[in-house]
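# Structural description and commentary
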Amino acid sequence: MSPVKGVARGAAVTFLSLVVLIPFAALITNAFNGGVSGFWSAVTAKESLHAIGLTFFCAALGSALNSAAGLATAWVLVRDRFWGQGLLNALIDLPFALPTVVAGVTLYALYGPLSPIHLSLTGTWIGITLAIMFVTLPFTVRAVQPVLETMTFTAQAAAATLGASSLRIFRTITLPAIAPSLLAGTGLAFARAIGEYGSVVFISNNLPYKTELASSYIFSLTSSNQNTAASAVSLALLVVAMVLLSFFSALSYHFSRGNR
Amino acid sequence: MKRSPLTLRIAVLTYVGLLIGLPLFFVFQQTFSRGFGALWQALNDQQMDAAMILSAKVALVAVPLNVLFGVGTSLWIVRSPSRITAVLDRLIDIPLAISPIIVGLVLMLAYGQNGWFGQTFASWGWNIMFSYPGIVIASIFVSLPLVSRQVIPLLREVGTHAEETAATLGAGPWRIFFTITLDQLRGRPPTGLPSLWLVSSVNTVPFWLFLETSP
């Protein structure tokens, strides 16, 4: 029994009701303002489906690529020593520290129509995915890094003595051990990518039916005072994000139990 | 175990360099390309000053509240596990996964002028949305998972020994919270004030976009 239990519960309940429960109750009520059929027609509107589909496609692609790149980056940061390593380590956190709108403006300036390197990715899914990769890189790196740091690598050395190839050692010993944290990091990156707004809003160009993402679509609905439709699409996006997060966390739990 | 192969190192350096280094270099190049005079002028702009002061004011209130609510919620999850806290543990990541646009919309539906409590607050002379309190609430909302995700493992690590000792010596719960629990977390890098400060001020930015442009 912890002596500070009462304080903790008080703080948590106050916070949750004011900032989470009441606003989300308002969202759910608003989403069903037009009944279940109103909710459904708002979510399955052609523009909405297209925006949600593109959002999930780019988020999945970006976070999958970053899951591999993040693992490699964490590996190099932990297992390697070279000049400029500190700088590399510092660069990883930059997307966390940079306001997303600043990231968006920068990427637009760099890969937009006035690109100094003559590479215009505005209004393409490649540009959107690139922005997502920029924003989500720290998630996987920072999730895997601490696990790699505490790893002793004795099992790997034993396997190498017994003649196992590097690839086999990685696949059968290292990867299962880091799988839970890698999955957790990828899950967070994916979730963040679904909700990303500031960094992709400029480079995506927001063309309806082409490069409009779910966040932008919701924003355009609220701007034209269609709060009910905006709430419906938001709720649908939220539910899918929650299901995916639970899936990742269940998968991560499954792997961490397998390790014991 | 041998060190990682050189090709991997080069691949990683290229990837991070192109993805993050290049945009960063570009920001610096653009900032200083017209000399320090232009930079000084931009920093002295009145609107810019107002935005920076607001950002600092938001962080000033949001950071202490974040400590209180973030540590409080984490404490509840760690120290009295139950079915409610198991759900809470899942829910706590949600703000990270939610688009800032949805956060803005949700807060507007509850506290905005046409929202549930908008009229009530307006009759008391309070204006929550499109104003300072709204930005603070939004800021706390998004930073909560970042605080708890780092505080929860630390709380598990430090255990309850010191808290129980203080309770045995007759300290009240609030006193234990402020002098023992918070003190044990102090100085740990992720919970240090600067990182909380950064998180709070960085995350408010998307909301301004929403708060200022929506009807």
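Residues numbered from 1 in each chain as written. Chains lettered and ligands numbered in written order. Predicted model: local features only at pLDDT ≥ 70, side-chain atom pairs only at ≥ 80, totals over all residues. Heavy atoms only, no water.

### Topic: the overall build of chain A
Check the secondary structure of chain A and you find 11 helices and 0 strands. Counting helices and strands in the order they occur from the N terminus, chain A gives α-α-α-α-α-α-α-α-α-α-α. When the 260 residues of chain A are sorted by exposure, 53% land in the buried category. Within chain A, counting contacts between residues at least 6 apart in sequence, those at least 24 apart form 75% of the total. Accessible surface, chain A as shown: approximately 11,300 Å² in total, 69% of it carbon and sulfur. (Helix = DSSP H or I, 4+ residues; strand = E, 2+ residues; numbered from the N terminus. Buried < 20%, exposed > 50% of the residue type's maximum accessible area, 1.4 Å probe, protein only. Contact = heavy atoms within 4.5 Å. Areas by Shrake-Rupley, 256 points an atom, 1.4 Å probe, with all protein chains shown as cover.)

### Overview of the environment of V67 of chain B
Residue and element names in this part refer to chain B. The residue V67 is located in helix α3 (residues 46–79) in this model. Residue class for V67 comes out partly exposed when judged on its relative accessible area of 21%. On a C-alpha basis, the gap between V67 and E157 in space is 18 Å, while along the polypeptide they are 90 residues apart.

### Concerning the interface of chain B and chain A
Where interface size is given, it is often the accessible area lost as the parts come together that is meant. Chain B puts 68 residues into the contact, and the matching count from chain A is 81 residues. Here chain B is connected to chain A by 1 salt bridge. Put simply, D80 of chain A and R9 of chain B hold a salt bridge, and the shortest N to O gap is 3.1 Å. Inspection of the region where chain B meets chain A yields 2 residue pairs in polar contact (both at pLDDT 80 or more). Ranked by residue count, the leading element in the side of chain B that touches chain A is helix α1 (residues 6–32) of chain B, at 15 residues. Residues that form the side of chain B that touches chain A fall into these classes: 52 nonpolar, 8 polar and 8 charged. (Salt bridge = Lys/Arg side-chain N within 4 Å of Asp/Glu carboxyl O. Polar contact = N/O pair within 3.5 Å; in protein donor to acceptor, adjacent residues only side chain to side chain. Nonpolar A, V, L, I, M, F, W, Y, C, P; charged D, E, K, R; others polar.)

### A look at the pattern of salt bridges
In total, this model carries 3 salt bridges over all chains according to the counting rule given. A salt bridge links E196 of chain A to R192 of chain A; the shortest N-O distance between them is 2.8 Å. Look at E196 of chain A and you get buried, because its relative accessible area is 6%. With relative accessibility at 15%, the residue R192 of chain A sits in the buried group. Where R79 of chain B meets E163 of chain B, a salt bridge forms, and the shortest distance between an N and an O atom there is 2.8 Å. Of this pair, R79 of chain B sits in helix α3 while E163 of chain B sits in helix α9 (residues 161–168), and the two are 84 residues apart along the sequence.

### Describing a nonpolar patch on the surface
Judged by side-chain polarity, I28, F32 and V36 of chain A come together as a nonpolar surface patch covering roughly 270 Å² of accessible area. Considering the arrangement of structural elements, one finds V36 of chain A in helix α2 (residues 35–43). (Patch = residues over 30% accessible without salt bridge, like charges linked within 9 Å, V, L, I, M, F, W, Y side chains within 5 Å.)

### Some remarks on the packing of aromatic side chains
Residues and elements named next belong to chain A. The full count for this structure, using the stated rule, is 11 aromatic pairs over all chains. Ring centres 6.2 Å apart and planes at 85° place the aromatic pair W75 and F170 in the edge-to-face group. With W75 in helix α3 (residues 46–79) and F170 in helix α8 (residues 166–195), this pair connects stretches of sequence that are 95 residues apart. What makes W75 buried here is its relative accessible area of 11%. Taking the relative accessible area as the measure of exposure, F170 reaches 28% and is therefore partly exposed. (Phe/Tyr/Trp six-rings, centres within 6.5 Å; stacked < 30°, edge-to-face > 60°.)

### Quick look at the packing of helix α1 (residues 5–31) of chain A against helix α8 (residues 132–158) of chain B
In contact at an axis separation of 11 Å, α1 of chain A and α8 of chain B are set at 95° when each is read in the N-to-C sense. The orientation of α1 of chain A with respect to α8 of chain B, classified from their angle, is roughly perpendicular. In this structure, α1 of chain A uses F15, V19, V20 and F24 of chain A to contact α8 of chain B, whose residues at the interface are I137, I140, F141 and L144 of chain B. (Axes fitted to C-alpha atoms, helices over the stretch in contact; angles between N-to-C directions. Parallel < 35°, antiparallel > 145°, perpendicular 65-115°, else oblique.)

### Side note on the environment of L182 of chain A
Structurally, L182 of chain A can be placed in helix α8. Separated by 35 residues in sequence, L182 of chain A and V147 of chain A have C-alpha atoms that sit 9.5 Å apart.

### Some points on the packing of α3 of chain A against helix α6 (residues 125–150) of chain A
Residues and elements named next belong to chain A. Between α3 and α6, the least distance of the axes is 6 Å, while the angle of their chain directions is 40°. As judged from the angle between their axes, α3 and α6 are oblique. The chirality of how α3 crosses α6 is right-handed. Its residues assigned to classes, the contact of α3 with α6 comprises 19 nonpolar, 9 polar and 2 charged. (Left-handed = near helix turned anticlockwise from the far one by under 90°.)

### Topic: α1 of chain A
In this model α1 of chain A runs 36 Å from its N-terminal to its C-terminal C-alpha over 27 residues, within 8% of the 39 Å that 1.5 Å per residue would give. The largest bend in α1 of chain A comes to about 45°, at S17 of chain A. (Expected span 1.5 Å × (residues − 1). Bend = angle between axes of the 7 residues up to and from the residue.)

### Looking at the confidence of the model for chain B
In low-pLDDT segments, the atomic positions of the prediction should not be examined closely. All names here are of chain B. Per-residue confidence for chain B averages 73 on the pLDDT scale, and 80% of its residues sit at or above 70. Element-level pLDDT for chain B is lowest in helix α11 (residues 193–213), with a mean of 46, against a maximum mean of 85 in α1. Across residues 189–194, confidence stays below pLDDT 50; counting only partners more than four residues off in sequence or on other chains, it has 8 contacts. The model gives residues 200–215 a pLDDT under 50, and that stretch makes 47 contacts with residues more than four places away or in other chains. At the level of chain-chain contacts, confidence expressed as ipTM amounts to 0.80, with global pTM at 0.78. (pLDDT = per-residue confidence, 0-100.)

### So, unusual backbone geometry
Residue and element names in this part refer to chain A. Even without being a glycine, F153 presents a positive backbone phi close to 65°. Tracing the sequence through the fold places F153 in the loop between α6 and α7 (154–161). In this structure F153 comes out as buried when scored by relative accessible area, which is 5%. Positioned with a positive phi, N206 is a non-glycine residue whose angle comes to about 50°. By secondary structure assignment, the location of N206 is in the loop between α9 (201–204) and α10 (214–223).

### Quick notes on the side chain of T222 of chain A
Within the fold, T222 of chain A resides in helix α10. Looking at T222 of chain A, its side chain comes within polar contact range of the main-chain oxygen of F219 of chain A, at 2.7 Å.

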